[in-house]
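Overview (structure and organization)
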Amino acid sequence: MSDPRDLIEKAEMENIEKDNFCPISHADLMKTEFPPLEWLAQDLIPSEAITIISGNPETYKSWLVMDLIIKSVSNGLLFDKFKAQSQGCLIVDEENGLRLLQERTKALTSGEDNLPIHYLSYSGTKITKEYIDKILLFCQEKNLNAVVFDSFVRFLNGADENSSSDISRIFSLLKILV
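This write-up is about the structure you can find in this document. Here the structure is a predicted model, which means the values were calculated and not measured. Residues take numbers from 1 onward in each chain, read along the sequence in its written order. Residue-level local features of this predicted model are given only where pLDDT is at least 70; pairs of side-chain atoms are given and counted only at 80 or more, and the full residue set underlies all totals for whole chains, interfaces and linings. Hydrogens and water are ignored here; the side-chain numbers use all heavy atoms of the structure.

**Digging into the pairing of strand β5 (residues 89-93)**
For clarity, the threshold we go by: Throughout this description, buried means an accessible area under 20% of the type-specific maximum (1.4 Å probe, protein chains only), exposed means over 50%, and partly exposed covers the range between. Helix and strand assignments follow DSSP, with helices taken as H or I runs no shorter than four residues and strands as E runs no shorter than two, numbered in order from the N terminus. Here the term right-handed applies to a crossover when the path leading from its first strand over the helix to its second strand runs clockwise, the strands being oriented away from the viewer. Paired strands, in this sense, are two strands between which DSSP finds at least two bridges.
In terms of burial, β5 is largely enclosed, as 5 of its 5 residues are buried. This β-α-β element, β5 to helix α4 (residues 98-108) to strand β6 (residues 117-121), shows right-handed connectivity. Sheet topology places β5 next to strand β7 (residues 146-150); 5 bridges connect them, and they run parallel. From the neighbouring strand, Val-92 faces β7, where its bridge partner is Phe-149.

In structure tokens:
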């Protein structure tokens, strides 16, 4: 069996080997017209980003993220202030289980039973190139534009959460989803 760090490094090297050395001139940058920035939660969380909610254990991080996702797929207001919008979400859960996810969802909704949210729970998911490709394909098929990993540390595939180089390799893989 291969060392997970070798797999991550291989994926990173494959990305580096692509011809991505293509500087842009200042003039070209100034002429470029970008589409408006899209938000998962207006002025709070951009859609095209990797966002981490971090805090001590038992501080309602999962509740916050679940509320954000429910508000975004129903075009509601997060904290009664931030307009939230998303086409749909995949929640990849290695922390809570389907029973707890159902209880929390019921507590946060008015009984909607057809929200564009999909759950993958206790599947042993690890962040590898192969798994990110599966997630990307699923999200494209279901027209989902948000993915949640809960809890991040459970997906690291042997990487050290306190090693900036290990986490950088993980982020290189996660960027495929952005």
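**Structural notes on helix α5 (residues 129-142)**
Convention followed: A helix is expected to span 1.5 Å multiplied by its residue count minus one. The arc in question is the one traced by the directions running from the helix axis out to the C-beta atoms.
Between its first and last C-alpha, α5 extends 20 Å over 14 residues, near the 20 Å set by a 1.5 Å rise per residue. Looking at α5, one finds that the buried residues are Ile-132, Ile-135 and Cys-139. One face of α5 carries all of its buried residues, which in axial projection span an arc of 60 degrees. Exposed positions of α5 whose direction lies more than 90 degrees from the buried face are Glu-130, Lys-134, Gln-140 and Glu-141.

**Things to note about unusual backbone geometry**
Ser-151 follows Asp-150 through a cis peptide bond whose omega is 0 degrees. Summarising the element assignment, Ser-151 is placed in the loop between β7 and α6 (164-174). Despite not being glycine, Tyr-122 has its phi angle at roughly 50 degrees, a positive value. As for its position among the elements, Tyr-122 is in the loop between β6 and α5.

**Examining the sheet that holds β5**
Convention followed: Here an axis means a line fitted to C-alpha atoms, over the contact stretch when the element is a helix, while the angle between two N-to-C directions is reported on a 0 to 180 degree scale. When checking whether two residues touch, look at their non-hydrogen atoms; a contact exists if any pair is within 4.5 Å.
If you trace the 3 strands from one edge of the open sheet to the other, you get β6-β5-β7, paired in parallel fashion. Taken across any chain shown, the strands that pair with only one partner, and hence form the sheet edges, are β6 and β7. Taking the axes of each pair of neighbouring strands and ignoring which way they run, one obtains an average angle of 15 degrees across the sheet. Contacting β5 and β6, α4 crosses the sheet at an angle of about 150 degrees to β6.

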